[in-house]
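Each chain is listed here by its residues.
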Amino acid sequence: MQKVKAPESNKNTIIISLGDPAGIGTEIILKALGSKYLNNNIQPLIVGCKNNIYETYTKLINHGIDNIPDPEKLDIIDIPLERNIIPGIVDEHTGAASFKWLLNATNMLLEGKAKALVTAPISKIAWHKAGHKFAGQTELLGKLTNKKTSMLFTAISPNNGWRFNTLLATTHISINKINNNLTKELIRYKLDALLHFCRQFKDKPLIHIAGLNPHAGEEGKIGIEEQKLIIPSLNEWKVDNPGVKITGPIPPDTCWLSSADAWIGGSNENNAPDGILALYHDQGLIPVKLIAFDQAVNTTLGLPFIRTSPDHGTALDIAGKFKARATSMISAMNNAWLLSR
């Protein structure tokens, strides 16, 4: 695939890939770039279809939505769509476009054009229809950079500035494959990644680990994974990381309660964990989205550059209706800039 080169003299601080053109990506990017809550140090470079951006801009203005930046004043690497798309309908053409945009955006990062990548949501179904058999953007980025990655969700409470972090041990795999993928080496690696991230904000972070089974196994009465795998892994990790405060495995149904209280500014802020390790996708994402939906940001750890993304998908049900909220995209851009400093 032919690469599209960015300008040699590039002043941009973050590169943004447009996501699936049938989704809300272009809409929330334009809304975010016009928001008063966006860090004004950010100088974005957008990778996508210029015509799609102009059409979305015109429709937003016609719908009476103000504070949208004029595309003439934006830096855009134009990789045109090969045919018209219908909002809300993904197919092999929308999948091919979003894949191409992300691939070119990543190459620009690897060429040193910027330090951070922000990705709008893509459709995994569309990618598969286009012949790209990746579970998601995180997995593609790992292959393109030849790096072992981790998926972390971070959010800053608008109530008190408290930072909420949850890292996933396993990501886009089916529920019946979790046991086979959970290993001592994986748990230790994910704890290392979570600790490194949390230490950017606190010297001695408190880390919680969720159990796998109901009641964290009830001492082996409701599953043996805690006794046979998780507890021995944590004990070994503690020996190698003396002084780190770590608790677990904690029953999953109560593991995020202190975080929920800290998020709203409750009395447990000082006792809430600085990071939580969830053992599988929905175990971590359900509480994250219940507590901090719109503010949470998907952050890929382990890459040679910062990558963030909103915590939601393509929202095909509201695509083209111009009522999508840009809050998580704003957070993704702000966190990309902050973490890349």
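Please read these numbers as outputs of a predicted model, since none were measured by experiment. (Residues numbered from 1 in each chain as written. Predicted model: local features only at pLDDT ≥ 70, side-chain atom pairs only at ≥ 80, totals over all residues. Heavy atoms only, no water.)

Attention now goes to the packing of helix α3 (residues 92–110) against helix α5 (residues 137–145). At a minimum axis separation of 11 Å, α3 and α5 run at an interaxial angle of 45 degrees. With respect to their mutual orientation, α3 and α5 come out oblique. The handedness of the crossing between α3 and α5 is right-handed. Contact with α3, carried on its side by F99, L102, L103, T106 and L110, involves Q137, L140, L141, L144 and T145 of α5 and no other residues of that element. Here the residues of the contact of α3 with α5 sort into seven nonpolar, three polar and no charged. (Axes fitted to C-alpha atoms, helices over the stretch in contact; angles between N-to-C directions. Helix = DSSP H or I, 4+ residues; strand = E, 2+ residues; numbered from the N terminus. Parallel < 35°, antiparallel > 145°, perpendicular 65-115°, else oblique. Left-handed = near helix turned anticlockwise from the far one by under 90°. Contact = heavy atoms within 4.5 Å. Nonpolar A, V, L, I, M, F, W, Y, C, P; charged D, E, K, R; others polar.)

I15, I29 and M333 are the most contacted members of the largest nonpolar core, which totals 56 residues. For this core, the element with the highest residue contribution is α3, accounting for eight residues. With near-sequence residues (within four places) excluded, M333 lies in contact with I14, I16, I29, A32, L33, L38, I42, V118 and T308. Core analysis: the second largest hydrophobic core is formed by 26 residues, L167, L182, C198 and L234 among them. (Core = buried A, V, L, I, M, F, W, Y, C linked by side-chain atoms within 4.5 Å. Buried < 20%, exposed > 50% of the residue type's maximum accessible area, 1.4 Å probe, protein only.)

A word on α5. Every buried residue belonging to α5 is among Q137, T138, L140, L141, G142 and T145, and all of these are buried. Positive backbone phi, at 55 degrees, marks N146, one or two positions downstream of α5.

This part takes up the confidence of the model for the protein chain. Predicted confidence across the protein chain gives a mean pLDDT of 92, with 96% of residues reaching 70 or more. Within the protein chain, helix α6 (residues 178–181) has the poorest average pLDDT of any element, 92, and strand β9 (residues 275–278) the best, 98. Across residues 6–10, where pLDDT falls below 50, the model places nine contacts with residues more than four positions away in sequence or in other chains. (pLDDT = per-residue confidence, 0-100.)

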